[in-house]
Amino acid sequence: MVGADLTRLACDDVVVPTDRSLRLSPGWCPLLPGDVDVERTADGIRVGLAWSGDERVLEVPGEDPRHVWLVDTVDDGGRGLPWLLDGAREALATVARRPVSEPAHGRARRLVGLPALGTGWGAAAGERGALLQQLLPVLREAADDHGFDIALVLRGPSDLAAAQRVRRGEDGGWDLPEHLRALAQRLGEQARRGQLAVFFGAGVSAAAGLPTWEQLVGELAERSGLADELRAGLSRLPPQDSAALLARELGRDHLEAYVKERFGPGSYALAHALVADLPVQEFVTTNYDPLVELAAADVGRRVRVLPFEDAEPGSPWLLKLHGDAAHPESIVLTRDEYLEFGDSRAALAGVLHSLLLTRHVLFVGTSMLDDDLIRIAHQVRGALRLQGQPSGRRNGTVLALREDAARARLWEQDVETVAMGDRDTPAAEAARRLEVLLDLIGCLSTPPTGYLLDAAYRGLLNEEERELAAALRSTAAVLRTDSPSTAAQEVAALLRRLGHGDSTAPADGATTGRDDRVQEQRPG
């Protein structure tokens, strides 16, 4: 379960709600192939296809690797939620009949994405809470029966908060060993308390089809025109030196233009959305791409990118240690640029120093072999030794794909290394387990009150919560939306965090709202 924009999430298949007239919310347009006729109407769009009979599922033709399926969710006969759930089962069974030899971007299993079906014009309008309680078991059963992964994609903070509450109240289907469940519990608690920061590396973006550092050097080599002997010799050089030679051959302008194009905006992976959904304020990366910040923006979180934007009190930020593709002149790639990092970018390193001293840093998708990261960890270790004796405190947790006893021992004074599998576990399966772990951390760290004032989820509240919600709505009724009062603005922000106003946004449409999750600075 993830907060994201389904039109930008990298999936093998996407299930989109419609009706017998093949009407869609306009937000689904980016999913439709360009050669599919679309008619714009006053209440949305209509797709130029046709049902062949009484079936409820229709495949949208196209050559795009991501297949789109339409499912009829609008109940004109008063059949209610059971009819809608039957449609979800039929849609997923139909999707399963399309053969997929290789899931996108090397995933271990095919990924099918769908929204909370029927909550816009459909049969679950006004019954979102009941839908979630009944839909989640249907999705888990379908995933088990058909052998693929299903992402339930939600846009509104109150929708995600309500869905996570439903999951916490039952077995959420996380296929994880006990030690990883315990780790998720601990990290989720740290995230809720404002004690967690996240460092993510190239492994996260590889799931969206972007190259790792070594693969980027290989791509640049293909464009360089170097003789075969020289190109073969590049693999024997450290990547920073290979990049330096290629920068000389291609020219810095050509290299920067390629990085800007290759790492520009695009579809993001499930891992990007899971990281962006965490209630964390401080993020750090060595990646060039904008995919985590795009995923955050799609659920209403405006993430400031440092050092290119000013940080704002109460707003989350992302520090890009090695530059940003949108600012290609900032890219750190060659040996010289790495050597200059300690001088010209010392202030950036200082931010990570601070996080390692005051937060618990969760490392995701990184091999922990980056020279700058090693230097920063060494400097933090030296600062802690000033106490006169080792503190015994570990500054973070590394989520590694596979066991590597030597690397874990190397870093054991600084961080705890937790592997998703043993040395023989296939990399794709280990990466999938990492997604499941991030999903559980997200569930356990999601504030449990984000839907309290959303009328669509009144059915999930107990009697005490209903009374509290009624009192808070009385407060909301006397607040002026344009009030200049600081106190009024703070109360309004609190009410938004509790779901006030969220039920006006149709869940089937690709709409977004402001996210006022608590993001103020807190002591570690």
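A.B. asks: Can you help me understand the overall build of the protein in this one?
C.D. replies: Tallying secondary structure elements over the protein gives 18 helices and 16 strands in all. Relative to the 2.2 N^0.38 estimate, which gives 24 Å for 524 residues, the radius of gyration of the protein is 24 Å and therefore close to what a compact globule would have. Classification of the 524 residues of the protein by burial places 52% in the buried group. Once local pairs closer than 6 in sequence are excluded, the contacts in the protein between residues at least 24 apart make up 72%. Accessible surface, the protein: about 23,400 Å² in total, of which carbon and sulfur atoms supply 50%. Of the charged side chains in the protein, 58 are positive and 79 negative, and the gap between their average positions amounts to 4 Å.

A.B. asks: For this particular structure, what's the right way to read the confidence of the model for the protein?
C.D. replies: Caution applies to low-pLDDT parts of the model: their predicted coordinates are not meant to be read in detail. Of all residues in the protein, 92% have pLDDT values of 70 or greater, and the mean over the chain is 87. This model gives residues 503-524 a pLDDT under 50, and the stretch forms 69 contacts once residues within four places in sequence are excluded.

A.B. asks: Looking at this structure, how should I read the sheet that holds strand β10 (residues 196-200)?
C.D. replies: Sheet strands associate in pairs through backbone hydrogen bonding, adopting either a parallel or an antiparallel arrangement. Strand order in the open sheet formed by seven strands is β12-β13-β11-β10-β14-β15-β16, with parallel pairing between adjacent strands. Pairing within the sheet leaves two strands with one partner each, and these edge strands are β12 (304-306) and β16 (415-421). The mean angle between the axes of side-by-side strands here comes to 20°, regardless of whether they run parallel or antiparallel. In the sheet, strand β14 (residues 360-364) pairs with strand β15 (residues 396-402) via four bridges, with the strands oriented parallel. Opposite F363, over in β15, you have V398 as the bridge partner. With respect to the sheet, helix α13 (residues 346-358) is in contact with β10, β11 (282-285), β13 (317-320) and β14, its orientation differing from that of β13 by roughly 125°. Relative to β15, helix α16 (residues 427-445) is tilted by about 145°, and along the sheet it contacts β14, β15 and β16.

About the thresholds
- Residues numbered from 1 in each chain as written.
- Predicted model: local features only at pLDDT ≥ 70, side-chain atom pairs only at ≥ 80, totals over all residues.
- Heavy atoms only, no water.
- Helix = DSSP H or I, 4+ residues; strand = E, 2+ residues; numbered from the N terminus.
- Rg over C-alpha atoms; globule rule 2.2 N^0.38 Å.
- Buried < 20%, exposed > 50% of the residue type's maximum accessible area, 1.4 Å probe, protein only.
- Contact = heavy atoms within 4.5 Å.
- Areas by Shrake-Rupley, 256 points an atom, 1.4 Å probe, with all protein chains shown as cover.
- Lys, Arg positive; Asp, Glu negative; His and termini not counted.
- Charge placed at Lys NZ, Arg CZ, Asp CG, Glu CD.
- pLDDT = per-residue confidence, 0-100.
- Pairing = 2+ DSSP bridges.
- Axes fitted to C-alpha atoms, helices over the stretch in contact; angles between N-to-C directions.

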